[in-house]
Amino acid sequence: MTHHAHRFTGYTVVVTGAGAGIGRATAEQLLAEGSRVIAVDVSEERLATLAQEVDGDLVAVVADITDPSGIDAILATTGERIDGLANVAGIMDGFEPTAEISDATWDRVLAVNLTGMMRLTRAVLPRMLERGRGSIVNVGSEAGLRGSAAGTPYTTSKHAVNGFTVSTAFFYTPKGVRCNAVAPGPVATSIEAPFRSEWAQTRIGPLLQTNLPAVARPDQLSSAITWLLSEDASNVSGAIIPVDGGWAAI
Ligand SMILES: NC(=O)c1ccc[n+]([C@@H]2O[C@H](COP(=O)([O-])OP(=O)(O)OC[C@H]3O[C@@H](n4cnc5c(N)ncnc54)[C@H](O)[C@@H]3O)[C@@H](O)[C@H]2O)c1
């Protein structure tokens, strides 16, 4: 991984899902490049491990982004200046096709992947608009680009992330706030994705076996996320960028 020494000096960047996987890699890279990082995760244990293992200006906030009090807790720690927001926290479904969706899975997947992202972005935006600058990066998925990468709840949530991203970019780019998304393919993280549907296994299983690109390292995602957060991407807004080893080209 390449570190660009001074890209984030003086910055404050909020990273959700910072306790594991892509969020953790993003927090680590930002810290290494001089940012103050507000590291958000629902897991206290994972944040404690992160705090032990990294150097730099880290503020750990144990919060659930689906809970309005969690959003308040995050905003209480940032200070007035927020340069970047990386909405990384997300959960998978159990590969359920529509006829097999439980209300609990639907509600939780949409709450974390979409509504939590909206609530935190809504809360952070006024501070960015006040200064007339900011960069928001949402983590979508290959499942936001096609119908064959997950179950229906997750696929729906990630397509919605794309809409949330372009609409936010449309409204706020003229005011200095950019908004983009990355769409990862498979990444080696701690996300759980059990097949809970026989039909999904039959229908998707063979496609994954033939089309799935190599599993990426989390830092192969964080390098794209930090690029979008940085001034290197100053003319990029409203983009949904596949970072998927070429899967979207299939
Ligand atoms: N791993 C992949 O193959 C893959 C592929 C495409 C997209 N993604 C997306 O990447 C993002 C990060 O996933 P990952 O693979 O790094 O997963 P991960 O499970 O390793 O990390 C996600 C972190 O988010 C935290 N989290 C979950 N719900 C939360 C909540 N309500 N509030 C705060 N924190 C919460 C978890 O505790 C966890 O530490 C997700 O949006 C996921 O959908 C992952």
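Calculation notes
Residues numbered from 1 in each chain as written. Predicted model: local features only at pLDDT ≥ 70, side-chain atom pairs only at ≥ 80, totals over all residues. Heavy atoms only, no water. Helix = DSSP H or I, 4+ residues; strand = E, 2+ residues; numbered from the N terminus. Buried < 20%, exposed > 50% of the residue type's maximum accessible area, 1.4 Å probe, protein only. Pairing = 2+ DSSP bridges. 1 Å grid on protein atoms, 1.4 Å probe; cavity = no way out; pocket = protein on both sides within 12 Å on 5 of 7 lines; lining within 4 Å. Points joined across faces, edges and corners; volume = space filled by probe spheres on them. Nonpolar A, V, L, I, M, F, W, Y, C, P; charged D, E, K, R; others polar. Salt bridge = Lys/Arg side-chain N within 4 Å of Asp/Glu carboxyl O. Near = heavy atom within 4 Å. Polar contact = N/O pair within 3.5 Å; in protein donor to acceptor, adjacent residues only side chain to side chain. Areas by Shrake-Rupley, 256 points an atom, 1.4 Å probe, with all protein chains shown as cover. Sits in = over half its atoms within 2 Å of the grid points. Axes fitted to C-alpha atoms, helices over the stretch in contact; angles between N-to-C directions. Contact = heavy atoms within 4.5 Å. Parallel < 35°, antiparallel > 145°, perpendicular 65-115°, else oblique. Left-handed = near helix turned anticlockwise from the far one by under 90°.

Chemist: Would you mind going over the environment of glycine 245 in detail, with residue names and values included?
Modeler: Relative to the helices and strands, glycine 245 is located in the segment after strand E7 (240-243). Look at glycine 245 and you get exposed, because its relative accessible area is 74%. Residues glycine 245 and valine 215, spaced 30 residues apart in sequence, show a C-alpha to C-alpha distance of 8.4 Å.

Chemist: Before we move on, could you go through the pairing of strand E1 (residues 12-16) and cite the residues and values that matter?
Modeler: Burial analysis of E1 places five of its five residues in the buried class, the great majority of the element. A two-sided burial pattern is seen for E1, the buried positions comprising Thr12, Val14 and Thr16 on one face and Val13 and Val15 on the other. The pairing of E1 with strand E2 (residues 36-41) spans five bridges and is parallel. Among the inter-strand pairings, valine 14 is bridged to a residue of E2, identified as isoleucine 38. Note: E1 against strand E4 (residues 84-87), three bridges, orientation parallel. Bridging across to E4, valine 14 finds its partner in leucine 85.

Chemist: Could you give an account of the layout of surface pockets, with specific residues and numbers?
Modeler: Estimates place the volume of the largest pocket at around 1,200 Å³. Looking at the largest pocket, it is lined by 47 residues, and the ones nearest its centre are Gly90, Met92, Thr189, Ile191 and Glu192. Breaking the lining of the largest pocket down by element, the ones donating at least two residues are helix H1 (21-32), E2, helix H4 (103-131) and helix H5 (152-172). A per-class count over the lining of the largest pocket returns 27 nonpolar, 11 polar and nine charged.

Chemist: Could you give an account of the pattern of salt bridges, with specific residues and numbers?
Modeler: What the rule picks out here adds up to 12 salt bridges. As a salt-bridge pair, glutamate 33 and arginine 7 come within 2.8 Å of each other at their nearest N and O atoms. Taken together, the residues span a long stretch of sequence, with glutamate 33 in the loop between H1 and E2 and arginine 7 in the segment before E1 at a distance of 26 residues. Here glutamate 33 and arginine 7 have matching classes, each one buried. With its nearest N and O atoms 3.4 Å apart, the salt bridge here joins aspartate 83 to arginine 131. Taken as a pair, aspartate 83 in the loop between helix H3 (68-78) and E4 and arginine 131 in helix H4 lie far apart in primary sequence, 48 residues in all.

Chemist: Please set out the site of the ligand residue by residue, giving values where relevant.
Modeler: The ligand sits among 28 residues. The nearest are Ile22, Asp41, Tyr154, Thr189 and Ser190. Backbone polar atom of isoleucine 22 to an oxygen atom of the ligand: 2.8 Å apart, as the coordinates give it. Interatomic distance of 3.1 Å between a backbone N/O atom of isoleucine 65 and a nitrogen atom of the ligand. Starting from 830 Å² of accessible surface for the ligand in isolation, the protein chains cover 93%. Taking a 2 Å distance to the grid points as the criterion, the majority of the atoms of the ligand fall inside the largest pocket.

Chemist: Provide a residue-level description of the side chain of glutamate 33, including the pertinent values.
Modeler: Looking at glutamate 33, the relative accessible area reads 0%, which means it is buried. A polar side-chain atom of glutamate 33 sits 2.8 Å from a polar atom in the side chain of arginine 7.

Chemist: An account of the sheet that holds E7 is needed here, citing residue identities and associated values.
Modeler: A sheet is described by the order of its strands in space; here seven strands give the open sequence E3-E2-E1-E4-E5-E6-E7, paired in parallel fashion. For this open sheet the edge positions go to strand E3 (58-62) and E7, each flanked by a neighbour on one side alone. Direction aside, neighbouring strands of the sheet carry axes that sit 20 degrees apart on average. Set on the sheet, H1 makes contact with E1, E2, E3, E4 and strand E6 (177-184); between it and E1 the angle comes to about 165 degrees. Across the sheet, H3 is in contact with E1, E2 and E3; its angle to E2 comes to roughly 165 degrees.

Chemist: Which residues make up the packing of H4 against H5, and what are the values?
Modeler: How two helices sit against one another is set out by the angle between their axes and by the gap between those axes. Between H4 and H5, the shortest axis-to-axis distance is 9 Å and the interhelical angle comes to 15 degrees. As summarised for this structure, H4 and H5 are arranged roughly parallel, according to the angle between their axes. As for the relative orientation of H4 and H5, their crossing is right-handed in sense. Note on element contacts: H5 touches H4 through Pro153, Tyr154, Thr156, Ser157, Lys158, Ala160, Val161, Phe164, Thr168 and Tyr172, opposite Thr105, Trp106, Val109, Leu110, Asn113, Leu114, Met117, Met118, Thr121, Leu125 and Leu129. In the contact of H4 with H5, the residues fall into 14 nonpolar, six polar and one charged.

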